[in-house]
Amino acid sequence: MSEITSRDVHPHLLAVLEQHQARFRVMEHEAMGKCEAVSEIRGTALGQGAKALVCKVKGNGVKQHVLAILAADQQADLSRLATHLGGLKASLASPAEVDELTACVFGAIPPFSFHPALKLVADPLLFERFDEIAFNAGLLEKSIVMDTQDYLRIAQPELVDFRRAE
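Computed from a predicted model, the values in this text were never measured in an experiment.

Trainee: So what exactly am I meant to see when it comes to the sheet that holds strand β3 (residues 62-71) here?
Mentor: Backbone-to-backbone hydrogen bonds pair the strands of a sheet. The strands run either parallel or antiparallel. Spatial strand order, β4-β2-β3-β5-β8: five strands in an open sheet with mixed pairing. Each edge of the sheet is formed by a strand with only one pairing partner; in this case those strands are β4 (89-92) and β8 (158-159). Sheet topology places strand β5 (residues 118-122) next to β8; two bridges connect them, and they run parallel. If you follow V121 over to β8, its bridge partner there is E158.

What follows is the structure, encoded as structure tokens:
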């Protein structure tokens, strides 16, 4: 994935999607950071939402920042994420780390990594239930709804089952 050279994520994301001929649409709406509220505004199912968590995995000689993507109707199991990546524990990154690694505020992070130190992983359930996924596009007031297969082709996340078991 191409590294971003500015802190303006939204136009960079659009350029990447257009360059790769993705099937997507942009939606403008009231600024929202909560998954439930924004899915209602978008008219999409909660499970279509790509929730982005910036995490730190540590232990066993591992020290890795991870952008972990999962369906918005699921909860993350950070210990499963850490184990899969060879670490002992995982935690959410600080607001300063999130800002440095994504140039976005919490709730606006798209499911794409544009920073070389931020590994992209995604839970496969997000891609199994719907033909399209939806996510905030670098800004709380703009969303993208895009073809699931186009997302997988362009972003190429490592697929990791890290959702909490029911």
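Read on, since the account is not over.
Trainee: Explain unusual backbone geometry here, please?
Mentor: Leave glycine aside and you will find that most residues have negative phi; peptide bonds, for their part, are mostly trans. In the Ramachandran plot, N60 falls in the positive-phi region, its phi being about 60° despite a non-glycine side chain. Inspection of the secondary structure puts N60 in the loop between β2 (50-59) and β3. Take N60: its relative accessible area is 57%, and that puts it in the exposed class.

Trainee: Please explain the sheet that holds strand β7 (residues 142-147) as it appears in this structure.
Mentor: Read across the sheet, three strands follow the order β1-β7-β6 without closing on themselves; strand pairing throughout is antiparallel. Each edge of the sheet is formed by a strand with only one pairing partner; in this case those strands are β1 (24-28) and β6 (132-139). Averaged over all pairs of adjacent strands, the angle between their axes in this sheet comes to 25°, without regard to strand direction. Direction of pairing for β6 relative to β7: antiparallel, over a ladder of six bridges. What sits directly across from F135, in β7, is I144. Along the sheet, helix α6 (residues 148-155) makes contact with β6 and β7, crossing β7 at roughly 95°.

Trainee: Can you help me understand the packing of aromatic side chains in this one?
Mentor: Given two aromatic rings, one states the distance between the centres and the angle between the planes to describe the pair. What the rule picks out here adds up to four aromatic pairs. Centre to centre, the rings of F112 and F114 are 6.2 Å apart; their planes meet at 5°, and the pair counts as stacked. A relative accessible area of 7% places F114 in the buried class. Pairing F127 with Y151 gives two aromatic rings, centres 5.6 Å apart and planes at 20°, and the pair type is stacked. With F127 in helix α5 (residues 125-128) and Y151 in helix α6, this pair connects stretches of sequence that are 24 residues apart. One aromatic cluster is present, built from ring pairs that chain together F112, F114, F127, F135 and Y151.

Trainee: Would you mind showing me how to read the pattern of salt bridges here?
Mentor: Side chains that differ in charge, positive against negative, can pair when their charged atoms come close. Taken as a whole, this structure holds 11 salt bridges when the rule is applied. Across the pair K142 and E28 runs a salt bridge, and its minimum N-O distance is 3.8 Å. Taken together, the residues span a long stretch of sequence, with K142 in strand β7 and E28 in strand β1 at a distance of 114 residues. Residue R80 pairs with D161 through a salt bridge whose shortest N-O separation is 3.4 Å.

Trainee: What am I meant to see in empty space enclosed by the protein here?
Mentor: The rolling of a water-molecule-sized probe over the atoms marks out the regions of remaining empty space. Overall, the coordinates contain one cavity of 30 Å³ or more when judged by the stated rule. Taken as a whole, the largest cavity spans an internal volume of roughly 40 Å³. The wall of the largest cavity is formed by V9, L67, L101, T102, C104, I109, P110, F112, S113, F114 and L118. A per-class count over the lining of the largest cavity returns nine nonpolar, two polar and no charged.

Trainee: Can you walk me through the UniProt feature "domain: YbaK/aminoacyl-tRNA synthetase-associated" (unreviewed entry) in the chain in this structure?
Mentor: Here, the residues flagged by UniProt with the feature "domain: YbaK/aminoacyl-tRNA synthetase-associated" (unreviewed entry) are residues 29-153. Annotated as residues 29-153, this span is 26% helix and 34% strand, and its ends, taken at the C-alpha atoms, are 27 Å apart.

The rules behind each value
Residues numbered from 1 in each chain as written. Predicted model: local features only at pLDDT ≥ 70, side-chain atom pairs only at ≥ 80, totals over all residues. Heavy atoms only, no water. Pairing = 2+ DSSP bridges. Helix = DSSP H or I, 4+ residues; strand = E, 2+ residues; numbered from the N terminus. Buried < 20%, exposed > 50% of the residue type's maximum accessible area, 1.4 Å probe, protein only. Axes fitted to C-alpha atoms, helices over the stretch in contact; angles between N-to-C directions. Contact = heavy atoms within 4.5 Å. Phe/Tyr/Trp six-rings, centres within 6.5 Å; stacked < 30°, edge-to-face > 60°. Salt bridge = Lys/Arg side-chain N within 4 Å of Asp/Glu carboxyl O. 1 Å grid on protein atoms, 1.4 Å probe; cavity = no way out; pocket = protein on both sides within 12 Å on 5 of 7 lines; lining within 4 Å. Points joined across faces, edges and corners; volume = space filled by probe spheres on them. Nonpolar A, V, L, I, M, F, W, Y, C, P; charged D, E, K, R; others polar. UniProt positions renumbered as here; feature names shortened; annotations may be inferred.

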